[in-house]
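Structural overview
Next come the chains, spelled out residue by residue.
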Amino acid sequence: CLVSGMTRREIAARLYLSVNTVRTHVQHLLRRADQHSTVALVATARELGVRGYDDLVARMPRQRNPPSP
């Protein structure tokens with residue numbers, strides 16, 4: 001979601017989490033990636049080929065509706 005440019009508030013709404021939970025997860029990602037800003041984290045992720053949320057959704061196969069009874 002960060003790679004797609006979403007804010008923490010938008011991520012929280014999309015994933016049904018609190019903003020504080022998203023902030024905690026982002027802090028853990030920053031620490032693990034040894035980055036000091038979200039911008040640097042996103043840049044590193046893009047360099048490693050991480051795609052944004054919208055790219056993933058667009059590539060998912062569409063499911064057919066089950067037949068009506």
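Everything that follows concerns the structure shown earlier in this document.
Residues numbered from 1 in each chain as written. Predicted model: local features only at pLDDT ≥ 70, side-chain atom pairs only at ≥ 80, totals over all residues. Heavy atoms only, no water.

1. Brief notes about the overall build of the protein
Looking only at helices and strands, the protein features 4 helices and 0 strands. Mapped in sequence order, the helices and strands of the protein form the string α-α-α-α. For the protein, the proportion of its 69 residues judged to be buried stands at 17%. (Helix = DSSP H or I, 4+ residues; strand = E, 2+ residues; numbered from the N terminus. Buried < 20%, exposed > 50% of the residue type's maximum accessible area, 1.4 Å probe, protein only.)

2. Focus: the layout of surface pockets
When its volume is computed, the largest pocket comes out at roughly 370 Å³. Looking at the largest pocket, it is lined by 17 residues, and the ones nearest its centre are C1, L2, V3, L29 and L41. Taken together, the elements giving at least two residues each to the lining of the largest pocket come down to α1 (8-15), α2 (19-33) and α3 (38-47). Looking at the lining of the largest pocket element by element, the count peaks at 5 residues for α2. Residue composition of the lining of the largest pocket, by class: 15 nonpolar, 2 polar and no charged. (1 Å grid on protein atoms, 1.4 Å probe; cavity = no way out; pocket = protein on both sides within 12 Å on 5 of 7 lines; lining within 4 Å. Points joined across faces, edges and corners; volume = space filled by probe spheres on them. Nonpolar A, V, L, I, M, F, W, Y, C, P; charged D, E, K, R; others polar.)

3. Looking at the packing of α1 against α2
Closest axis-to-axis distance for the α1/α2 pair is 8 Å, and the angle between their directions is 110°. Considered as vectors, α1 and α2 are oriented roughly perpendicular to each other. As α1 runs across α2, the sense of the crossing is right-handed. Where α1 approaches α2, its residues R8, R9, I11 and A12 are matched on the opposing element by V19, V22, R23 and V26. Grouping the amino acids of the contact of α1 with α2 by side-chain chemistry returns 5 nonpolar, no polar and 3 charged. (Axes fitted to C-alpha atoms, helices over the stretch in contact; angles between N-to-C directions. Parallel < 35°, antiparallel > 145°, perpendicular 65-115°, else oblique. Left-handed = near helix turned anticlockwise from the far one by under 90°. Contact = heavy atoms within 4.5 Å.)

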